[in-house]
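# Descriptive structure summary
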Amino acid sequence: MVSFSTLSDIDLEKQVASLSRELAALRKAVSRRGGAYYEDGRDTASDYYSDLAERISDALPAIRRHSRVIEKTARDHPATAAAVGLVVVGLVASLLLSRQQKTSRATSRSAR
């Protein structure tokens with residue numbers, strides 16, 4: 001006669017084997033879905049890139065014309081161009097410093 005502990009061991013082994021098969025099936029399903037999501041994301045990114053490249057190529061002649069006008073103005077008025085450059089550098093520096101201060105304040109508050 002088979003003891004009770006032997007029956008439960010066999011039953012557990014069957015359950016573990018069944019769960020292992022289910023887990024393998026789930027892994028395959030997730031792998032297929034993950035591959036499909038990757039393909040969809042790659043296609044979407046490619047579409048966005050193509051659209052952006054088309055828009056930029058259409059606007060490129062106008063951008064070149066405007067850059068030539070700006071370059072000519074900078075050559076005609078170097079002091080003004082230098083002043084504008086310094087203002088831009090100052091604005092960028094102040095933005096970076098204010099962001100750094102906000103980050104350090106948030107870090108010190110979360111450490112409390």
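Parameters at a glance
Residues numbered from 1 in each chain as written. Predicted model: local features only at pLDDT ≥ 70, side-chain atom pairs only at ≥ 80, totals over all residues. Heavy atoms only, no water. Helix = DSSP H or I, 4+ residues; strand = E, 2+ residues; numbered from the N terminus. Buried < 20%, exposed > 50% of the residue type's maximum accessible area, 1.4 Å probe, protein only. Areas by Shrake-Rupley, 256 points an atom, 1.4 Å probe, with all protein chains shown as cover. UniProt positions renumbered as here; feature names shortened; annotations may be inferred. Patch = residues over 30% accessible without salt bridge, like charges linked within 9 Å, V, L, I, M, F, W, Y side chains within 5 Å. Salt bridge = Lys/Arg side-chain N within 4 Å of Asp/Glu carboxyl O.

As annotated in an unreviewed UniProt entry, the protein chain is DUF883 family protein from Mesorhizobium onobrychidis.

Before going further, it helps to spend a moment on the overall build of the protein chain. Looking only at helices and strands, the protein chain has two helices and zero strands in total. Counting the 112 residues in the protein chain, one finds 0% classified as buried. Surface summary for the protein chain: the accessible area is close to 10400 Å², and the carbon and sulfur share equals 62%.

If you check UniProt for "transmembrane region" (unreviewed entry), the listed places come out as residues 79-97 in our numbering. Structurally, residues 79-97 comprises 100% helix and 0% strand, and the distance from its first C-alpha atom to its last is 27 Å.

With that out of the way, let us pick up a nonpolar patch on the surface. On the surface, Val84, Val88, Val92 and Leu96 cluster together into a nonpolar patch covering about 340 Å² of accessible area. Mapped onto the secondary structure, Val92 falls in helix H2 (residues 78-111).

Okay, the pattern of salt bridges next. In this structure the tally under the stated criterion is four salt bridges. Ionic pairing is found between Glu39 and Arg42, a salt bridge with its closest N-O pair at 2.8 Å. Highlighted residues: Glu39 and Arg42, both in helix H1 (residues 4-76), separated by three residues, approximately one helical turn. Under the relative-accessibility criterion, Glu39 is labelled partly exposed at 34%. For Arg42, a relative accessible area of 44% puts it in the partly exposed group. A salt bridge links Asp76 to Lys72; the shortest N-O distance between them is 3.0 Å. Of this pair, Asp76 and Lys72 are both found in helix H1, four residues apart, which corresponds to roughly one turn of the helix. Among the residues examined, Asp76 registers a relative accessible area of 44% and is labelled partly exposed. For Lys72, a relative accessible area of 53% corresponds to the exposed category.

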